[in-house]
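Chain and residue survey
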Number of protein chains: 2
Amino acid sequence: MHVEQRRGTIVESRHHVHVAVVDPDGRLVARAGDPDLVTFWRSAAKPFQALPLVADGVAEKFGLTREMLAIACASHSSEPAQVQLVRDFLAQIGCSERDLRCGPHPPLSEQVAKDYETRGVRLTAVYSNCSGKHTAMLALARHHGWPTEFYTRLEHPVQQRCLEEVSRWTDVPVPEIKTAVDGCGVVCYGLPLRHMAGAYARLAIADFGLRIADSKGEGQIRNPQSAIVQSMLRHPDLIAGTGRPCTDLMRAHPGRVLAKVGAEGVYCALLVREGLGVALKVADGHGLAAALALAAVLEQLGVRPRPASLGPRPNVNTRGETVGELRVNGELEK
Amino acid sequence: MHVEQRRGTIVESRHHVHVAVVDPDGRLVARAGDPDLVTFWRSAAKPFQALPLVADGVAEKFGLTREMLAIACASHSSEPAQVQLVRDFLAQIGCSERDLRCGPHPPLSEQVAKDYETRGVRLTAVYSNCSGKHTAMLALARHHGWPTEFYTRLEHPVQQRCLEEVSRWTDVPVPEIKTAVDGCGVVCYGLPLRHMAGAYARLAIADFGLRIADSKGEGQIRNPQSAIVQSMLRHPDLIAGTGRPCTDLMRAHPGRVLAKVGAEGVYCALLVREGLGVALKVADGHGLAAALALAAVLEQLGVRPRPASLGPRPNVNTRGETVGELRVNGELEK
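Residues numbered from 1 in each chain as written. Chains lettered and ligands numbered in written order. Predicted model: local features only at pLDDT ≥ 70, side-chain atom pairs only at ≥ 80, totals over all residues. Heavy atoms only, no water.

On to the relation of the copies chain B and chain A, then. In summary, the two copies of the chain are related to each other by a rotation about an axis coupled with a shift along it. For these two chains of identical sequence, chain B goes onto chain A by a turn of 180° and a shift of 0.0 Å along the axis, with RMSD 0.0 Å. Interpreted geometrically, this transformation is the action of a two-fold axis. Across chain B, the smallest distance between a C-alpha and the rotation axis is recorded for B:Asp284, namely 3.5 Å. Of the interface residues in chain B, 100% have counterparts in chain A that sit at the interface too, so the contact is made through matching surfaces. (Least-squares fit on C-alpha atoms with pLDDT ≥ 70 in both. Contact = heavy atoms within 4.5 Å.)

Residues and elements named next belong to chain A. Across the sheet, which stays open at both edges, the three strands sit in the order S4-S6-S5 with antiparallel pairing between neighbours. The sheet is open, and its two borders are formed by strand S4 (38-40) and strand S5 (178-181), each paired with just one other strand. Pairs of neighbouring strands in the sheet enclose a mean axial angle of 30°, with direction left out of account. Sheet topology note: the S5/strand S6 (residues 187-192) ladder contains four bridges and is antiparallel. Residue pairing for S6: Ala180 is matched across the bridge by Cys188. The strands touched by helix H7 (residues 157-170) are S5 and S6; relative to S6, the strand with the most contacts, the crossing angle is about 15°. Against the sheet, helix H8 (residues 193-202) makes contact with S4 and S6, and its axis sits at roughly 105° relative to S6, the strand it touches most. (Pairing = 2+ DSSP bridges. Helix = DSSP H or I, 4+ residues; strand = E, 2+ residues; numbered from the N terminus. Axes fitted to C-alpha atoms, helices over the stretch in contact; angles between N-to-C directions.)

Let us now look at the interface of chain B and chain A. If you look at the interface, chain B gives 39 residues, while chain A gives 39 residues. Where chain B meets chain A, there are two salt bridges. On inspection of chain B and its partner chain A, the count reaches 22 residue pairs in polar contact (both at pLDDT 80 or more). Of all the secondary-structure elements, those providing two or more residues to the side of chain B that touches chain A are strand S1 (2-7), strand S2 (10-22), strand S4 (38-40), strand S5 (178-181) and strand S6 (187-192) of chain B. At six residues, S2(B) tops the list of elements feeding residues into the side of chain B that touches chain A. (Salt bridge = Lys/Arg side-chain N within 4 Å of Asp/Glu carboxyl O. Polar contact = N/O pair within 3.5 Å; in protein donor to acceptor, adjacent residues only side chain to side chain.)

Here we come to the sheet that holds S6(B). Hydrogen bonding along the main chain pairs the strands of a sheet, whether they run parallel or antiparallel. Residue and element names in this part refer to chain B. Reading across the sheet, the three strands line up as S4-S6-S5 and stay open at both edges, with antiparallel pairing between neighbours. A strand with exactly one partner marks an edge of an open sheet, and here the two such strands are S4 and S5. Ignoring strand direction, the axes of neighbouring strands in this sheet form an average angle of 30°.

Residue and element names in this part refer to chain B. In the structure shown here, the tally under the stated rule is ten aromatic pairs over all chains. Seen from their ring centres, Phe48 and Tyr200 are 5.3 Å apart, and the 75° between their planes marks the pair as edge-to-face. Of this pair, Phe48 sits in helix H1 (residues 46-55) while Tyr200 sits in helix H8 (residues 193-202), and the two are 152 residues apart along the sequence. Neither Phe48 nor Tyr200 differs from the other in exposure class; each is buried. (Phe/Tyr/Trp six-rings, centres within 6.5 Å; stacked < 30°, edge-to-face > 60°. Buried < 20%, exposed > 50% of the residue type's maximum accessible area, 1.4 Å probe, protein only.)

Residue and element names in this part refer to chain B. In the contact formed by H1 and helix H7 (residues 157-170), the axes pass within 8 Å of each other and the chain directions differ by 105°. As the angle between them shows, H1 and H7 are arranged roughly perpendicular. Between H1, through Phe48, Gln49, Leu51, Pro52 and Ala55, and H7, the contact on the second element is made entirely by Arg161, Cys162, Glu165, Val166 and Trp169. By residue class, the composition of the contact of H1 with H7 is seven nonpolar, one polar and two charged. (Parallel < 35°, antiparallel > 145°, perpendicular 65-115°, else oblique. Nonpolar A, V, L, I, M, F, W, Y, C, P; charged D, E, K, R; others polar.)

This next bit is on the side chain of B:Asn315. Residues and elements named next belong to chain B. Along the chain, Asn315 turns up in strand S10 (residues 313-316). Classification of Asn315 by relative accessible area gives buried; the value is 16%. Asn315 has contacts with Gln5, Arg6, Arg7, Glu321, Thr322, Val323, Gly324 and Glu325, leaving out every residue within four places of it along the chain.

This paragraph deals with the layout of surface pockets. To find leftover empty space, a probe the size of one water molecule is rolled over the atoms. Residue and element names in this part refer to chain A. Estimated volume of the second largest pocket: approximately 1,100 Å³. Lining the second largest pocket are 44 residues; nearest its centre among them are Arg42, Leu108, Gly262, Ala263 and Glu264. Sorting elements by how many residues they give to the lining of the second largest pocket places helix H13 (residues 287-300) first, with four residues. (1 Å grid on protein atoms, 1.4 Å probe; cavity = no way out; pocket = protein on both sides within 12 Å on 5 of 7 lines; lining within 4 Å. Points joined across faces, edges and corners; volume = space filled by probe spheres on them.)

A separate point is the pattern of salt bridges. Evaluated as defined, the whole model comprises 38 salt bridges over all chains. In this structure, the salt-bridge partner of A:Asp182 is A:Arg42, at a minimum N-O distance of 2.7 Å. Residue A:Asp182 is found in the loop between S5 and S6, and its partner A:Arg42 is found in the loop between S4 and helix H1 (46-55); the two are separated by 140 residues along the sequence. In this structure A:Asp182 comes out as buried when scored by relative accessible area, which is 5%. Residue B:Arg27 is joined to B:Asp25 by a salt bridge in which the shortest nitrogen-to-oxygen separation is 3.3 Å. Accessibility assignment for this pair places B:Arg27 and B:Asp25 in one class, exposed. One salt-bridge network, in which partners are shared between bridges, spans A:Asp56, A:Arg161, A:Glu164, A:Glu165 and A:Arg168.

All names here are of chain A. Residue placement: Thr170 occurs in helix H7. Look at Thr170 and you get buried, because its relative accessible area is 1%. One polar contact links the side chain of Thr170 to the main-chain carbonyl oxygen of Ser167, over a distance of 3.4 Å. Look past the residues within four positions of Thr170 in its chain and what remains in contact with it is Trp41, Leu191, His195, Ala199 and Arg202.

So, about helix H6 (residues 131-144) of chain A. All names here are of chain A. A rise of 1.5 Å per residue sets the reference length of H6, with its 14 residues, at 20 Å; its end C-alpha atoms lie 20 Å apart and thus fit the reference within 8%. Extensive coverage of H6 is indicated by the burial of twelve of its 14 residues. Of the positions making up H6, those classed as buried are Ser131, Gly132, Lys133, His134, Thr135, Ala136, Met137, Leu138, Ala139, Leu140, Ala141 and His143. Packed against the buried residues of H6 are H1, helix H2 (58-62), helix H3 (66-72), helix H4 (80-92) and H7. Of the residues one or two after H6, Gly145 is the one with positive phi, at around 75°. (Expected span 1.5 Å × (residues − 1).)

In structure tokens:
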């Protein structure tokens, strides 16, 4: 499968796509390219980095709302309401913006970025698309009595706890997970696509959390992932933002699709009804190609219709002429 | 050969590169990937679109300077001096900005773009990176007495004349050249890389122009490409702009290297001393990867040193930490 940039009648550029579609038992049910490709999960790991909030009782202790759980899993657009939600979340756990260690960057939404530039808004850490995740990590530290300083470092108990959670869901032993520094400074995870997809598929399994809890001797926690999944499904507007692919896909199929982007051409999804996990990587890291590819993969898996924003994308030149298009070519092998 | 985006110890994304290195007789002397890949030449065709200025006597008639010939071949940065040069060129051929049909766009130089935005400069057609080429096309029309209207269209004699010139240098018959609409609205050419490289190699051959001229029965024109090549080699600052790869490469090897970028990951070069032409395409269209790949290819062909700006490029995250790098991996096969 690839995403083609066509101009006139020929393909000008080509983005190769690797895809794994996996069931909760880790069985590969469909693929394209190399489902065992190892790459970084980037922000598509956020639901699993947020899971300790529920599994460890952090959400209960601090009275976190579903909105707060959703923003912990988000690569948000820095929309005013999203930034305010992170500020509320910080206040609720007794932290402030000064505790955040994510770096600032222009909002992922071009419209929001322009608006803030026009208005002269100073972009601080709370505006980072990862500020919800960072706040969740601070909450985890507060809850366990760990220091909030240096929470981004691999050796910090917060990162070790997230790594353990990622290992459990992906079924990759901790020593086999490649680690590096993410765009926002925390640890990111190098894993085969097949295992990323398997983790998403398991989010749909009611007793997977129970089995985890049992193995830790904390049988009272029955299903931590349910709170994460339900929070995400109910708040597509918080997971990304207006006009962005995760939000468009989840709004097009309410309660049925959970979609989460990662940087450098990574995309993951859970098909709730089918209990399938999807993980894909555009080999060259092209973000728009990854979004179009995910929409096409979901369509091939029976999730229709594809949102209009994620169909073939016209290539418009500086004179406003449509001179070609970016479109997906190829089918999943089943 | 590929350009790798590394993060920590693993390759996160990969840009495949196809390369053809060809001598003036069209012999492939080195390659990587598929040297017969067909893609659009885009702005790397500009020297050949400018050649009729000299071959048809346009430059002589209007008294065009070397600077004007250079800007005709440029994808310039819209720097103030470059824009002024295009305005002078327009005046010299009795045209005005209103005759230009290129669409406006933010300058290719980030610094120039920021500066113009701060100062509220209104970006009109003359600021297009292709405004020199468009002015050259207007000059060609003026010279031959063709209408200046609709000069961008395939059926217009200006585009037919350029197509003929491209066919002659690339040794691809006109009917076999795929045409489409370029980013600036004129015709662009779909060709195998090997033939693009061959055309660049022929720029170094003193009698190639003579043979062309003879075939047209105009034996008095001895070497039109010499004026184009010398104009480009003497004005690396006009071919792109401060800090951009074409300019850096040509300044690092004055008189020895002629480098010309095209959009969507295309790069071409002439090694003057060796008489070799290079054409490469990053399969997915990544522009920075193409520049790093060209610098690496030239180094492998003995053109040293590589400009510092075109070595491995650190990947710096939002916290200012270096978390990886973009670098070329692989050798030409000879």
